[in-house]
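In case you want the letters, here they are:
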Amino acid sequence: MAASKSTEKIQSNRLLLSLHQLRRSPLMLLVHLTVLLLVLLWTIPTAGLLISSFRDKDQLAVSGWWTALSASEQNIIGRTAALDQQTLTDGKYVLSGKIAGFNEQDSILRFGWKSREPEAYQVGTVAEMKNGGTLKVESDGQYTMTSATPFTGSRGKRIFYTALAAPKFSLANYNEVLRSEGIGRSFLNSLTVTIPATIIPILIAAFAAYALSWMRLPGRSLLIALVVGLLVVPLQMSLIPLLQLYNTIGGFFGVGAKTYLGIWLAHTGFGLPLAIYLLRNYISSLPKEIIESARVDGATDFDIFVRIVLPLSFPALASFAIFQFLWVWNDLLVATVFLGNGENELVLTGRLRELLGSRGGNWEILTASAFVSIAVPLTVFFTLQRYLVRGLLSGSVK
Amino acid sequence: MEQLYYSLIVMLAGVLGCVFYFVGSNWLLLMVFPIRKVSKDKMAQNIRRATAVRPWLFLGPALFFLGLYLVYPVFDSIFLSLHDRNGDSFVGLANYQWLFADNEFRESLTNNLLWLLIVPALSTFFGLCIAALTDRIAWGNIAKSLIFMPMAISFIGASIIWKFIYDYRAEGSDQIGLLNAVVEYFGGTPQAWITIPFWNNIFLMVILIWIQTGFAMVILSAALRGIPEETVEAAILDGANGVQIFFKILIPQIWGSIAVVWTTITILVLKVFDIVLAMTNGQWSTQVLANMMFDWMFRGGGDFGRGAAIAVIIMVAVIPVMVWNVKQANAQMEGR
Amino acid sequence: MTPLTGLTLKNIKKSYGKTEVLHGIDLEIELGEFIVFVGPSGCGKSTLLRMIAGLDDITSGDLFIEGANVNEIPPAMRGIAMVFQTYALYPHMTVYDNMAFAMRIAKEDKATIDERVTRTAEMLQLSEYLQRLPKALSGGQRQRVAIGRAIVRDPKVFLFDEPLSNLDASLRVQMRIEIANLKETMKNTTMIYVTHDQVEAMTLADRIVVLSAGKIEQVGTPLELYGKPANLFVGQFIGSPAMNIFNAELLGAGQNTRIKTKNGNEFVIPIVSSMNIEHQILTVGVRPEDFSLSDKANCMLSGKIIFVESLGEVTLLHLDSNESKEPLVVKLPGIINQQKGEEIYLKADLEKTHLFNKDGISLLYL
């Protein structure tokens, strides 16, 4: 009796539990599906670019990247072998073999021998050419061309065909942009701009942040307010005055307005408010007693900063470094204004913009170039995301 | 290869120069106020003097750069905006008069307003939804990471990515732009999206929303997680359902973070430039202030007066947010 | 040789803006003395310690360490070492580097540093942990490193800022004994110890300084403070549970003091009083352990039991009494079989009864 009662109870509990699950599961399924949809929406644009950049440039121009894995029809022009290889068989001059340049993975659907009628004949049928000649093309690219009179000339005859082209992926686009479109050069230029423009503001800001956190100085809170205020000053304000200033100074030294030093310092200036703000938030939250203990131990502020604060602030330094790196690497405006457009200076973003103008229709160049330019920030992003998130969280004025 | 060496040397020089300043100035300070091999009183005095000078050595470069690159330009821009194209002769408010009479400027102003309304709102909205949804599922972190990813992509890179989506081929041939392909699949007529006035603005905004949603999501997700679970549990015990909990318990508690996200994106939108430059360069009625300013800086050798006037307008638009930020930061510091 | 003064504080004041937090502290500390500053939180004891260390400026007054005015001397040159509440170990340095830090800053040579660190580590049983980072140590070990870091500097004055408050109860007892032993081995080092825990104060101190609201209430040996508190504040602050207080009428002054409690019984307390006005109201203070059970005719107080705490060795009775606003607490030895709600009668050990005037000053100190 008691036993059956307890099993009853367990069963009713199970019933309750499953009811509970039932009520939850469709909802959870919906959540999963919604998130999946959102993730797809957010990743598809980039995925499209990535896939396209590896596709054959002829396929890329005629079919959507989502068809990349299925075969596509393509109009191709091939040639026969050189005409002096003809043989005389059964009183006919015969030339046969594989169409030159034929891709083994393709299969031919239709062919023709006149440029005006490239799809005149079904594969496997015999085409009548002028002067009683015939041409027969098989789907695997084998052709037989006959004629009652000898073929004259040395170059092979053109064959037009429509093939079902197998999907082709290669690094050819990358090869092309890195070698001939100047992307490789721009990549180095971008690095030259980005690395010092990341490290210099970190150093300057870290010292300033320490001073604003732990040193006694008059007007400290006013200075902090100034930094917060400058956080939002639009960069556009600075362009014209600084360009004029650079012109004057550059002219004085005879080096022109557009130098690497100029752009580093510009990025330093523009990055400083965020850097100081972010680092001050972190450094001022270090335990007061550690700083005081070092002071009792006889350390000057310089010692404390270099030996205690700097090593302990690594997470904040990393956060800002990532920010500044991404921002400088991805910047177009400052680079356009303060760095020239010559081969030695054009950075990746500038190059992309130029390509958009000059090669706007050449998707193979655009996609590969774009991916080269976003590869570095994406790597940084995925490996150091932790620090980036931490920086974002402490960097926004709460 | 030569370029690589040059780059390396230039980089090293830049970084070492900076290190040299800080170490060198500290060394100099200790030379002027020695603390070893001097009498004890002298030593104490020197230490105090060095301590009084040192903050300014630490702050010096930062103040110099902030002053030169951000404070001085604000005033110089105002000055320039009252002068002619080369900054030579004073023209009073002529640049502003021209500006407000200019059609392109009015168009930019309207477009900017549109951007300001739509982009922060939708980014925050999507960010909040995704943050709330992904917190409940096991693979939420991967999802977040993928949605956050566009943050790392430059505006110009993003523009290329989306140009590819909006690409238009004449009717009849295969579409290689995803949007037109989808439209065709559902039986619609393909369009040259970025040339359709008004709607093309929206298509450009989509790019920025795509980039910024990740930022909103990260901040709001952290805010949601910071909410004490007890408040939610209490609400469940009080009989609230999921929707009520979300709107009446969660949202009010993260109001501060929503404001932060909103203002940050607002500032960004005011400065938006690369996307418009790359996608349309302001054609088909998509001009915005920042791009227009860039135009005037370089168009026909540059009209610095007009360019500066537009910059001043952008600055004025930013001031309310700036004041709010400073107030928030002050309140935060007093709270410590 | 006359004993040098270790530390002299002359009318030391501290203000933050317009708020004065220390109202003129005068104190002489002998060389090699163990002094404990004790007081409720916010009384200014930590501020006073930080001013001695040189971490906070002295607003006015003078501070001398072994005869020299150090008001303007930076912390590192005052010959002090400090142990912080949170230990303040440098988290990115090994134990060895933590202990060597100050000497490296002072550019001592390697051999000296090594010798002193090794010796100190041995003394504190830290030798096998020298290469570890602080996060790999237990709380007690971290505390020892913090102490070791102070010892290697061979300071004239050793400052402790609530060093044991982050430890759990059993470790606290153990570290307390270690600090007491440390004092034994460093006879010429003056030690100043800040705590809010009166047990630490009572067990460690040569003399205790009781602070309240920025003023010194009393300075004396632990037993002086316990036996002869100068005022109501000290009486109630030292000893746990706190001293019971209630009012009584002054009947006669002189060599002994005659008082009458509310229930009409009269008692003669062996305390000299010189009050000319009779029928004055006095405050009587009796520690819980100085009560014993009595009968109605001879009792000083009576009350109804509202709560019984049986601790085995002693029993604490909480009483609701007409004589006192606050519940009375009585500590009786052994196990007592009184029940909640019972009325009991109490008498006090008259030798250990304290009397305070209406300003709260003990009659002993008038």
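Residues numbered from 1 in each chain as written. Chains lettered and ligands numbered in written order. Predicted model: local features only at pLDDT ≥ 70, side-chain atom pairs only at ≥ 80, totals over all residues.

A look at the overall build of chain C
Within chain C one finds eight helices and 20 strands. Judged by the C-alpha coordinates and their principal axes, chain C covers about 80 × 45 × 45 Å. In chain C, which comprises 366 residues, the proportion classed as buried is 39%. Sequence-distant contacts in chain C: of pairs separated by 6 or more residues, those separated by 24 or more amount to 65%. (Helix = DSSP H or I, 4+ residues; strand = E, 2+ residues; numbered from the N terminus. Buried ≥ 20, exposed ≤ 12 C-beta atoms within 10 Å, placed from the backbone. Contact = placed C-beta atoms within 7 Å.)

Observations regarding the overall build of chain A
Looking only at helices and strands, chain A features 13 helices and nine strands. Taking all 398 residues of chain A together, 45% fall into the buried category. The contacts in chain A between residues at least 6 apart in sequence include a share of 72% that link residues at least 24 apart.

Here we look at the interface of chain B and chain A
The partner chain A presents 87 residues to the 90 residues of chain B that form the contact. Among the elements that take part in the side of chain B that touches chain A, helix H2 (residues 40–81) of chain B stands out by supplying 19 residues, more than any other. Of the residues contributing to the side of chain B that touches chain A, the split by class is 66 nonpolar, 18 polar and six charged. (Nonpolar A, V, L, I, M, F, W, Y, C, P; charged D, E, K, R; others polar.)

What to know about the interface of chain B and chain C
Listed by partner, the interface residues are four residues for chain B and four residues for chain C. Grouping the amino acids of the side of chain B that touches chain C by side-chain chemistry returns three nonpolar, no polar and one charged.

Let's talk about the sheet that holds strand E6 (residues 80–83) of chain C
Residues and elements named next belong to chain C. What the six strands build is an open sheet, ordered E6-E7-E8-E3-E9-E10; its pairing is mixed. The open sheet has two free edges, formed respectively by E6 and strand E10 (215–220), since each of these has just one partner strand. Taken pair by pair, the neighbouring strands of this sheet meet at an average axis angle of 20 degrees, ignoring direction. Inspection of the sheet shows strand E3 (residues 34–38) paired to strand E9 (residues 207–212) by four bridges, in the parallel sense. (Pairing = 2+ DSSP bridges. Axes fitted to C-alpha atoms, helices over the stretch in contact; angles between N-to-C directions.)

Concerning the nonpolar core
Ranked by size, the top nonpolar core spans 252 residues in total, and within it Ala205, Ala208 and Leu279 of chain A together with Leu159 of chain C carry the most contacts. Tallying contributions element by element places helix H4 (residues 183–214) of chain A first for this core, with 16 residues. (Core = buried A, V, L, I, M, F, W, Y, C linked by C-beta atoms within 7 Å.)

Looking at the confidence of the model for chain C
Counting all residues, the mean pLDDT for chain C is 86, and 98% of those residues have values of 70 or more. Per the prediction output, this complex has pTM 0.79; the corresponding ipTM is 0.82. (pLDDT = per-residue confidence, 0-100.)

Brief notes about the environment of Thr192 of chain A
Residues and elements named next belong to chain A. Among the structural elements, Thr192 can be located in helix H4. Looking at Thr192, the number of C-beta atoms within 10 Å reads 26, which means it is buried. For the pair Thr192 and Tyr260, spaced 68 residues apart in the sequence, the C-alpha separation amounts to 8.0 Å.

Regarding H2 of chain B
The terminal C-alpha atoms of H2 of chain B, which comprises 42 residues, lie 59 Å apart, in line with the 62 Å expected from a rise of 1.5 Å per residue. Of all the bends in H2 of chain B, the greatest, near 45 degrees, is centred on Leu59 of chain B, and the proline Pro61 of chain B appears no more than four residues after it. (Expected span 1.5 Å × (residues − 1). Bend = angle between axes of the 7 residues up to and from the residue.)

Regarding the pairing of strand E13 (residues 266–269) of chain C
Looking down a regular strand, the side chains alternate between one sheet face and the other. Pairing of strand E12 (residues 257–260) of chain C with E13 of chain C, which is carried by four bridges, proceeds in the antiparallel orientation. In the strand pairing of E13 of chain C, Ile259 of chain C is matched with Phe267 of chain C.

Things to note about the sheet that holds strand E20 (residues 354–356) of chain C
Residues and elements named next belong to chain C. Read from one edge of the open sheet, five strands run E13-E12-E11-E14-E20, paired in antiparallel fashion. Either end of the sheet is taken by a strand with one partner, and the two such strands are E13 and E20. In this sheet, adjacent strand axes meet at a mean angle of 45 degrees when their direction is disregarded.

Points about the packing of helix H4 (residues 139–151) of chain C against helix H5 (residues 169–185) of chain C
Each pair of packed helices can be summarised by the angle the axes make with each other and by the distance between the axes. All names here are of chain C. Viewed as axis vectors pointing N to C, H4 and H5 meet at an angle of 25 degrees, and their least axial separation amounts to 11 Å. One finds that H4 runs roughly parallel with respect to H5. Where H4 crosses over H5, the two elements pack in a sense that is right-handed. Between H4, through Gly139, Gly140, Gln143 and Ile147, and H5, the contact on the second element is made entirely by Leu171, Gln174, Met175 and Leu182. Looking at the contact of H4 with H5 residue by residue, the class counts come to four nonpolar, four polar and no charged. (Parallel < 35°, antiparallel > 145°, perpendicular 65-115°, else oblique. Left-handed = near helix turned anticlockwise from the far one by under 90°.)

A short note on unusual backbone geometry
Residues and elements named next belong to chain C. Between Ser240 and Pro241 the backbone carries a cis peptide bond, its omega angle lying at -5 degrees. Summarising the element assignment, Pro241 is placed in the loop between helix H8 (232–237) and strand E11 (244–252). With phi around 50 degrees, Asp154 is a residue other than glycine that occupies positive phi space. Inspection of the secondary structure assignment puts Asp154 in the loop between H4 and strand E7 (157–161). With 13 C-beta atoms counted inside 10 Å, the residue Asp154 sits in the partly exposed group. We note that Ala213 has phi near 50 degrees; this positive angle belongs to a residue other than glycine. Within the fold, Ala213 resides in the loop between E9 and E10. When the 14 C-beta atoms within 10 Å are taken as the criterion, Ala213 is described as partly exposed.

Observations concerning the pairing of E9 of chain C
Residues and elements named next belong to chain C. Bridge analysis of E9 against E10 gives five bridges, and the strand direction is antiparallel. Pairing of Ser212 across the sheet is with Lys215, part of E10. Between E9 and E10, which pair antiparallel and follow one another directly, the connecting turn spans two residues, one of which, Ala213, has a positive phi of 50 degrees.

Re the confidence of the model for chain A
Residues and elements named next belong to chain A. In this model, chain A carries a mean pLDDT of 78, and residues with pLDDT of at least 70 account for 88%. A low-confidence stretch, residues 1–5 stays under pLDDT 50, and its non-local contacts, those more than four residues away or across chains, total zero contacts. A low-confidence stretch, residues 14–23 stays under pLDDT 50, and its non-local contacts, those more than four residues away or across chains, total zero contacts.

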